[in-house]
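So you can see what is in the structure, the chains are spelled out below.
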Amino acid sequence: MKQKRGILSKIYFALIMVFFYVPIVYVVFFSFNSSKSLSKFTGFSLKWYQAMFANRSIMEAIWYTVLCAVIATIVSTIVGTITAIGLSKNRKVIRELVTQVNNLPMLNPEIVTAIGLMLFFTSLRIQTGFTTMVLAHIAFCIPYVMLSVTPRLRQLDPNLSDAALDLGCTPWQAMTKVIIPQIKGSIVAGALVAFSMSFDDFVISMFTTGPGVSNISIYVYSNVKRVNPTINALSAIIVYVITIVLIIVNVVPMLRERKQKKEVLDA
Amino acid sequence: MKNFNKMAYPYIIWMTVMIVVPMLMIVLYACTVQGNSVLTFQFTLENFARFFSDSIFPTVLWRSLKMAVITTVICILIGYPCAYVMAKMKPDSQAMAVLLITLPMWINMLVRTYAWKGILDWLQAGSEISVYIGMVYNFLPFMILQIYTSLSKIDPNLIIAAGDLGANDRQTFMKVTLPLSLPGVISGITLVFLPAVSSFFIPKLLGGGQYVLIGNLIEDYFIKTGDWNFGSAISLIMAIIILISMYVTRKLDKAAKEDD
């Protein structure tokens with residue numbers, strides 16, 4: 001009975017995995033198709049990859065996506081960290097207020113945040129484009145960085161930064177030499193979340209960008225009304241990159257751990 | 001620590017400008033007539049009246065809510081057993097299973113939705129079923145991970161104790177495991193229902209444009225028609241309904257906890 005149940009749960013989990021991975025495999029498979037069809041495989045070819053790399057709008061979309069994610073990550077990580085440190089030394093009322101306001105975009109549907117920003121930019125007569133998109137990305141990334149850094153800050157011993165100041169550190173030195181080294185891990189985690197949020201964003205980008213500026217999501221959205229195998233090639237490349245990055249991120253610490261264990265055993 | 005607290009002030013200004021003001025802009029646009037300028041506002045409730053007087057808009061709203069509720073229920077029904085199976089695996093396999101479920105989530109949502117298009121076209125699935133598959137596909141991982149997290153936090157001694165005290169497997173599940181995993185189900189509901197109500201690219205990509213949800217209406221009024229006042233009114237109505245449903249969900253969660 002127990003064994004039978006074990007097999008059933010394995011089958012169930014396998015079925016869910018099939019559901020999750022079949023479309024991804026399907027997209028990658030048909031990115032090598034020699035014809036335009038997405039249902040009949042007529043032969044192996046790399047022509048959709050060639051077409052993709054030759055397509056200027058796709059290359060631009062990739063460039064805008066990466067550039068926007070890099071800028072938004074750097075700015076939101078710095079601002080979010082500094083704000084979180086500042087808030088930790090503020091009164092509770094102010095801390096609560098900032099937390100509540102930061103929660104607003106997370107509790108609201110993305111489309112509401114997006115049109116709010118769009119109305120805001122256009123009422124100020126700011127021409128929407130890459131700059132407004134980056135500003136919007138910074139705005140929604142900062143709360144995630146703070147969410148990652150704040151709990152770690154709470155665990156710190158406040159006496160350490162006080163001691164640094166007493167011993168003649170400027171506040172800047174106290175922050176960079178005492179506080180930041182202790183919360184480094186949570187800052188990196190916050191930056192990673194910010195980067196992936198920005199990289200994948202569609203709804204907010206769509207409403208805050210201007211003519212001629214698309215990121216990958218917007219490009220996919222506006223070009224899939226008809227069958228378009230270059231999008232398969234683009235999707236496949238995203239799948240390759242993410243798989244490689246995730247394997248590195250997950251396997252490297254595992255190998256390091258094994259190496260450490262081995263060193264301990266050798267010693 | 002006077003030196004540090006000033007560091008939070010620039011963000012308070014930024015936050016007011018970039019989060020609070022845009023929200024107020026939506027309310028302002030929703031309650032004014034089209035073509036107003038910053039100097040001359042004309043307040044009106046006509047945008048809201050228009051929404052409820054026409055039969056199309058409430059129908060679309062109702063359809064979106066129904067779709068989001070059904071999607072959430074399907075995600076619980078499929079996701080709960082999956083999370084349960086995961087929580088019973090060996091620790092190494094658990095880490096692997098979490099990785100397997102997280103991996104597709106790293107792939108851009110648009111790309112993931114597009115991935116279904118070829119299969120669904122090939123299967124000639126109807127537009128409604130296609131939209132449901134797209135929704136469940138996009139949001140199921142959130143549900144599984146939330147339930148899994150709360151299941152894996154349950155102290156295994158409680159299960160053993162229930163068994164020792166004479167409960168059979170079914171009783172243990174109903175009286176111990178299920179109630180303790182409810183917080184995970186509740187946060188799963190939040191993570192699925194909220195984006196499902198307002199989703200507009202899933203119906204657009206997979207429903208072939210024939211399946212209109214409330215998010216599509218908002219998109220159309222902002223991008224195509226340019227009637228931002230009415231578009232803002234629709235968003236406001238949607239945001240209020242979502243807030244109410246979240247509030248009700250949390251109340252139910254609390255009530256369920258007090259029962260125990």
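Scroll up to find the structure this text is about.
Reading the values: the criteria
Residues numbered from 1 in each chain as written. Chains lettered and ligands numbered in written order. Predicted model: local features only at pLDDT ≥ 70, side-chain atom pairs only at ≥ 80, totals over all residues. Heavy atoms only, no water. Salt bridge = Lys/Arg side-chain N within 4 Å of Asp/Glu carboxyl O. Helix = DSSP H or I, 4+ residues; strand = E, 2+ residues; numbered from the N terminus. Buried < 20%, exposed > 50% of the residue type's maximum accessible area, 1.4 Å probe, protein only. Core = buried A, V, L, I, M, F, W, Y, C linked by side-chain atoms within 4.5 Å. Contact = heavy atoms within 4.5 Å. Buried area = accessible area lost by both parts, 1.4 Å probe. Axes fitted to C-alpha atoms, helices over the stretch in contact; angles between N-to-C directions. Parallel < 35°, antiparallel > 145°, perpendicular 65-115°, else oblique. Left-handed = near helix turned anticlockwise from the far one by under 90°. Nonpolar A, V, L, I, M, F, W, Y, C, P; charged D, E, K, R; others polar. Phe/Tyr/Trp six-rings, centres within 6.5 Å; stacked < 30°, edge-to-face > 60°. Lys NZ or Arg CZ within 6 Å of the ring centre and 35° of its normal.

Asker: Teacher, can you tell me more about the pattern of salt bridges here?
Answerer: When charged atoms on two side chains of opposite charge get close, those side chains can pair. Within this structure, the stated rule accounts for 4 salt bridges over all chains. The partner of Glu60 of chain A in a salt bridge is Arg56 of chain A, with the nearest N and O atoms 3.1 Å apart. Here Glu60 of chain A pairs with Arg56 of chain A, and both are found in helix H3 (residues 56-88), just 4 residues apart, close to one helical turn. Relative accessible area serves as the criterion here: at 29%, Glu60 of chain A is assigned to the partly exposed category. Its salt-bridge partner being Asp220 of chain B, residue Lys224 of chain B comes within 3.5 Å of it at the nearest N-O pair.

Asker: Would you take a moment to explain the nonpolar core for this structure?
Answerer: One recurring pattern in soluble globular proteins: nonpolar side chains tend to sit buried together. Grouped together as the largest cluster of nonpolar side chains are 138 residues, with contacts concentrated most on Phe20, Phe202, Phe207 and Val220 of chain A together with Ile101 and Ile144 of chain B. Ranked by the residues each element gives to this core, the list is headed by helix H7 (residues 127-152) of chain B, at 13 residues. Apart from the residues within four sequence positions on either side, Ile101 of chain B is in contact with Phe13, Met17 and Phe20 of chain A together with Cys82, Met86, Pro141, Ile144 and Leu145 of chain B. Membership of the second largest hydrophobic core comes to 19 residues, among which are Cys68, Leu87 and Ile94 of chain A together with Tyr11 of chain B.

Asker: When you look at the side chain of Ser198 of chain B in this model, what are you seeing that I'm missing?
Answerer: Inspection of the secondary structure assignment puts Ser198 of chain B in helix H9 (residues 169-198). The exposure class assigned to Ser198 of chain B is buried, which follows from its relative accessible area of 7%. Those residues within four positions of Ser198 of chain B in sequence are excluded, and the remaining contacts are Pro109 and Ile111 of chain A together with Gly215 and Met238 of chain B.

Asker: Even after reading the chapter, I still don't get the interface of chain B and chain A, so can you show me in this structure?
Answerer: Accessible area lost when the parts come together is the quantity often used to give the size of an interface. Taken together, the contact pairs 72 residues of chain B with 82 residues of chain A. Summed over both partners, the interface of chain B with chain A comes to about 6,900 Å²; 81% of that surface belongs to carbon and sulfur atoms. When the buried surface of chain B facing chain A is broken down by residue, Phe4, Tyr11 and Tyr114 of chain B rank first, second and third, together holding 11% of it. Linking chain B with chain A are 0 salt bridges.

Asker: Would you take a moment to explain the packing of helix H6 (residues 130-154) of chain A against helix H9 (residues 184-200) of chain A for this structure?
Answerer: The axes of two packed helices give the description: the angle between them and the distance between them. All names here are of chain A. One can describe the packing of H6 onto H9 by two numbers: an axis separation of 8 Å at closest approach and a directional angle of 155°. The angle between the axes of H6 and H9 places the two elements in the roughly antiparallel class. As for the relative orientation of H6 and H9, their crossing is right-handed in sense. Contact residues: His137, Phe140, Cys141, Tyr144, Val145, Ser148, Val149 and Arg152 in H6; Ser186, Ile187, Ala189, Gly190, Val193, Ala194, Met197 and Ser198 in H9. Each residue belonging to the contact of H6 with H9 can be placed in one class, and the counts come to 10 nonpolar, 5 polar and 1 charged.

Asker: Got a minute to help me understand the side chain of Thr81 of chain A in this structure?
Answerer: Structurally, the position occupied by Thr81 of chain A is in helix H3. Look past the residues within four positions of Thr81 of chain A in its chain and what remains in contact with it is Ser76, Val145, Val149, Ile183 and Ile187 of chain A.

Asker: Explain the packing of aromatic side chains here, please?
Answerer: Any aromatic ring pair is given by two values, namely how distant the centres are and how the planes are angled relative to each other. What the rule picks out here adds up to 30 aromatic pairs over all chains. Ring centres of Phe120 of chain A and Phe121 of chain A lie 5.6 Å apart, and the angle between their planes is 50°; on these two criteria the pair is classed as tilted. Phe121 of chain A carries the same exposure label as Phe120 of chain A, and that label is buried. Three or more aromatic residues joined by ring pairs make a cluster, and in this case those are Phe202, Phe207 and Tyr221 of chain A together with Tyr29, Phe200, Phe201, Phe222 and Trp228 of chain B. One residue, Arg50 of chain B, lies across the ring of Phe230 of chain B, its end atom 3.9 Å from the ring centre. It is Arg63 of chain B that lies over the ring of Tyr211 of chain B; its NZ or CZ is 5.4 Å from the centre.

Asker: For this particular structure, what's the right way to read unusual backbone geometry?
Answerer: Peptide bonds are trans in most cases, and residues, glycine excluded, mostly fall at negative phi. Positive phi, normally seen in glycine, also occurs at Arg125 of chain A, with a value near 60°. Looking at the element boundaries, Arg125 of chain A is found in the loop between helix H5 (110-123) and H6. Overall, Arg125 of chain A belongs to the exposed group, its relative accessible area being 71%. Backbone geometry at Gln124 of chain B places phi at a positive 55°, although glycine is not the residue there. Here Gln124 of chain B lies in the loop between helix H6 (109-123) and H7.

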